[in-house]
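# Architecture and fold: a report
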Amino acid sequence: MFGRFLGSLPARRGRWAVLRACLVLALAASGGCGYSFRAPFDKSVRTVFVPMFKTQAFIRDVEKDLTRQVQQEITRRTPYKLVHRIEEADTVLTGTINFVDKNIIVEAPTNLPRQLTRTINVSVNWVHNPPTDLEKKRQPTIVSETLNFVPEVGETSLTATTKVNASLAAQIVDMMEKPWFIEEDLK
């Protein structure tokens, strides 16, 4: 159909003019609509301080692993720079591990666990340095993750904890994105 239209144009020069006009129109329509593939991070924040997460659970080094994975995720996915002193930070991301649990889901006939779950629950708070009045009143956000694992195929509690921490770190960094609404929208 488009070929017939071009063939009906009187001169070769006219055909190229129509093709150029269509190309320019297509390029103008496809670009600059205000959309972006990048995550909407707050441009006013440049640095983040992430102290060692606290824990209320008696599982060895789970807080160290989660803190390390959150720091790596921030470095990998955000434009923010990690700093090692709170005095240098624009914002502070703190967390407390409230709950770490391992439950048996399926038991083998020999009374050994066949399938288990690892659950970790974390309270996270990200505030400016110093915190604003609104941030002082705000309750921490609860993030939780559960993962099934099977010891018979070589998965251990440690590998399950590492995978759960990786998922929690991704969720925490996802929450650091700029909201698509403002506080007045919630009132």
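Here, residues in each chain are numbered from 1, in the same order as that chain's written sequence. The model is predicted, so local features are restricted to residues of pLDDT at least 70 and side-chain atom pairs to those at 80 or more, both for listing and for counting; the totals for chains, interfaces and linings are taken over all residues. The basis for the side-chain values is all heavy atoms of the structure; hydrogens and waters are excluded.

## Here's the deal with the overall build of the protein
Let me state the cut-off plainly: Each helix is a run of H or I in the DSSP string that is no shorter than four residues. Each strand is a run of E no shorter than two, and both are numbered from the N terminus. Type-normalised accessible area, obtained with a 1.4 Å probe on protein chains alone, sets the label of each residue: buried when under 20%, exposed when over 50%, and partly exposed for intermediate values. Throughout, a contact is declared for two residues whenever any of their heavy atoms are within 4.5 Å.
Within the protein one finds five helices and six strands. A burial count over the protein gives 29% of its 187 residues as buried. Sequence-distant contacts in the protein: of pairs separated by 6 or more residues, those separated by 24 or more amount to 67%.

## Describing the confidence of the model for the protein
Our working definition: Residue-level confidence of the predictor, termed pLDDT, takes values from 0 up to 100.
Per-residue pLDDT for the protein has a mean of 86; in total, 79% of the residues score no lower than 70. The weakest mean pLDDT in the protein belongs to helix α1 (residues 2-8) at 54; the strongest belongs to strand β1 (residues 47-49) at 97.

## Some words on the packing of aromatic side chains
Convention followed: Stacked, tilted and edge-to-face are the three classes applied to pairs of Phe, Tyr and Trp rings, where Trp contributes its six-membered ring and a pair requires centres within 6.5 Å; stacked means planes under 30 degrees apart, edge-to-face means over 60, and tilted covers the rest.
Scanning all chains against the criterion turns up two aromatic pairs. Summarising the aromatic geometry, the rings of Phe-41 and Tyr-80 are spaced 5.6 Å apart at their centres and angled 80° between planes, so their arrangement reads as edge-to-face. In this pair, Phe-41 is assigned in the loop between α2 (12-30) and β1 and Tyr-80 in the loop between α3 (62-77) and β3 (81-83), connecting sequence segments 39 residues apart. Just as Phe-41 is buried, Tyr-80 falls in that class too. Summarising the aromatic geometry, the rings of Tyr-80 and Trp-126 are spaced 5.8 Å apart at their centres and angled 50° between planes, so their arrangement reads as tilted. In this pair, Tyr-80 is assigned in the loop between α3 and β3 and Trp-126 in strand β5 (residues 113-128), connecting sequence segments 46 residues apart. Both residues of the pair, Tyr-80 and Trp-126, belong to the buried class.

## Focus: unusual backbone geometry
Of note, the amide linkage connecting Asn-129 to Pro-130 takes the cis form, showing an omega dihedral of 0°. Phi at Asp-61 is positive, roughly 60°, even though this residue is not glycine. Here Asp-61 shows up in the loop between β2 (54-55) and α3. Overall, the relative accessible area of 34% leaves Asp-61 in the partly exposed class.

## Considering the nonpolar core
Spelled out, the test is: Definition used in this section: a nonpolar core is a set of buried Ala, Val, Leu, Ile, Met, Phe, Trp, Tyr and Cys residues joined via side-chain atoms within 4.5 Å.
Within the largest apolar cluster, 25 residues are counted, with the highest numbers of intra-cluster contacts made by Val-48, Val-70, Ile-74, Leu-93 and Met-176. Elements with a contribution of two residues or more to this core: α3, β4 (91-107), β5 and α5 (157-174). Here this core gets five residues from one element, more than from any other, and that element is α5. Leave out the neighbours within four places in its chain, and Ile-74 touches Val-48, Val-50, Tyr-80, Leu-82, Leu-93, Val-173 and Met-176.

## Remarks on the packing of α3 against α5
Stated formally: Axes here refer to lines fitted to C-alpha atoms; in helices the fit is confined to the stretch in contact. Angles between the N-to-C directions go from 0 to 180 degrees. Between 65 and 115 degrees an angle is taken as roughly perpendicular, under 35 as roughly parallel, over 145 as roughly antiparallel, and anywhere else as oblique. In a left-handed crossing the near helix is turned counterclockwise from the far helix by less than a right angle, and in a right-handed crossing that turn is clockwise. Each residue gets one label: Ala, Val, Leu, Ile, Met, Phe, Trp, Tyr, Cys and Pro are nonpolar, Asp, Glu, Lys and Arg are charged, and the others, such as Gly, are polar.
Put simply, α3 and α5 touch, their axes get as near as 8 Å, and they point 45° apart. Considering their axes alone, α3 and α5 lie oblique with respect to each other. For the pair α3 and α5, the sense of crossing is right-handed. Contact residues: α3 offers Val-62, Asp-65, Leu-66, Gln-69, Val-70, Glu-73, Ile-74 and Arg-77, while α5 offers Thr-161, Thr-162, Asn-165, Ala-166, Leu-168, Ala-169, Ala-170, Ile-172, Val-173 and Asp-174. Split into classes, the residues belonging to the contact of α3 with α5 amount to ten nonpolar, four polar and four charged.

## Remarks on the pattern of salt bridges
Convention followed: Salt bridge criterion: a side-chain nitrogen from Lys or Arg within 4 Å of a carboxyl oxygen from Asp or Glu.
Considering all chains together, one arrives at ten salt bridges under this definition. Taking the shortest distance from any N to any O, the salt bridge between Arg-76 and Glu-73 comes out at 2.8 Å. Of this pair, Arg-76 and Glu-73 both sit in helix α3, three residues apart, which is roughly one turn of that helix. Looking at Arg-76, the relative accessible area reads 60%, which means it is exposed.

## Some remarks on the side chain of Glu-63
Condition: None of His or the chain ends enter the tally, which takes Lys and Arg as positive and Asp and Glu as negative.
Within the secondary structure, Glu-63 is located in helix α3. Despite being buried, Glu-63 has no salt bridge partner; Lys-64 is the closest side chain of opposite charge, sitting 5.6 Å away. The residues contacting Glu-63, other than those within four sequence positions of it, are Met-52, Phe-53, Lys-54, Thr-55 and Ile-97.

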